[in-house]
Amino acid sequence: MDYKCEIKDLPIQPVLSIRARCAVENLPKLLGASFGAVAQQIGSFGEAPAGAPFVAYYNMEMQNLDIEIGFPVSRPLTGEGNIQPSQIFGGKVATCLYVGPYGDIGPAYEALTQHVKEKGLEASGVAYEFYLNDPQTVQPAELQTQIYFPLK
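Novice: Account for helix α1 (residues 27–43), naming residues and giving values.
Specialist: Under the 1.5 Å per step criterion, the end-to-end length of α1 is 24 Å for 17 residues, consistent within 8% with the ideal 24 Å. Along α1, the residues that are buried comprise Leu27, Leu31, Ser34, Phe35, Val38, Gln41 and Ile42. Seen from one end, α1 has its buried residues packed into an arc of 130°, which puts them on one side. Pointing more than 90 degrees away from the buried face of α1 are the exposed residues Lys29, Ala33 and Gln40. Residues of α1 that are buried make contact with β1 (6–22), β2 (54–57), β3 (65–72), β4 (83–99) and β5 (127–131).

In structure tokens:
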């Protein structure tokens, strides 16, 4: 599959998120609970998420993933408990759209990594996945994930 990889300049984006560690096999349960909790916190301010849910991967240790789970918000909001305000991006990123089952996303990561190298750039080491549609409402082959690598 061909991936349209691009370099973009993105503004700083405020988010509400949960930072957590988990093994990859526990990811679906953790993501579901965390997205629900963060959305509820955003709603408590009379706000709605300002974009698609995301996960930031700070490492790729499959048995000890260091991740941030959340939603973009339209303005900085206060946190509570393990749900905290943060910000993402603010600068150049490499990005591509992957369409298909989450478990088959590897080639999109490889294509984006290659694109960054070909451009003579260097990724920061953090990977973001924004989930553009709902796995409860579309077939796995139709899932859309926008991948971002912030650049150094």
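Still more to cover.
Novice: An account of the nonpolar core is needed here, citing residue identities and associated values.
Specialist: Across soluble globular proteins, you tend to see nonpolar side chains buried next to one another. Val55, Tyr57, Ile67, Ile147 and Phe149 are the most contacted members of the largest nonpolar core, which totals 33 residues. Going through the elements one at a time, β1, α1, β2, β3, β4, α2 (106–118), β5 and β6 (144–150) are the ones with two or more residues in this core. The element that contributes the greatest number of residues to this core is α1, accounting for five residues. When residues no more than four places from it in sequence are discounted, the contact partners of Ile147 are Ala94, Thr95, Cys96, Tyr98, Ile105, Ala108, Tyr109, Leu112 and Tyr128. In terms of nonpolar packing, the next biggest core, distinct from the first, is built from nine residues, Val93, Val126, Phe130 and Tyr148 among them.

Novice: Account for the pairing of β6, naming residues and giving values.
Specialist: Each regular strand shows side chains that alternate between the opposite faces of the sheet. In terms of burial, β6 is a largely internal element, six of the seven residues being buried. Here β4 pairs with β6 via seven bridges, running antiparallel. Following the sheet pairing, Leu97 is matched in β6 by Gln146.

Reading the values: the criteria
Throughout, a residue's number is its position along its own chain's written sequence, starting from 1. The predicted nature of this model means local features are confined to residues of pLDDT at least 70 and side-chain atom pairs, given and counted, to a pLDDT of 80 or more, with totals for whole chains, interfaces and linings taken over all residues. Processing note: side-chain calculations cover all non-hydrogen atoms of the structure and skip hydrogens and water entirely. Elements are defined by DSSP. Helices are runs of H or I of four residues or more, strands are runs of E of two residues or more, and each kind is numbered from the N terminus. In this scheme, a helix's expected span is set at 1.5 Å multiplied by one less than its residue total. Buried residues are those whose accessible area, probed at 1.4 Å on protein chains only, stays under 20% of the maximum for their type, while exposed residues exceed 50% and partly exposed ones sit between those limits. This arc is built from the directions going out from the helix axis to the C-beta atoms. Here, residues are in contact when the closest pair of their heavy atoms is within 4.5 Å. In this text, buried Ala, Val, Leu, Ile, Met, Phe, Trp, Tyr and Cys residues form a nonpolar core when linked through side-chain atoms within 4.5 Å. When DSSP locates at least two bridges between a pair of strands, those strands are taken to pair.

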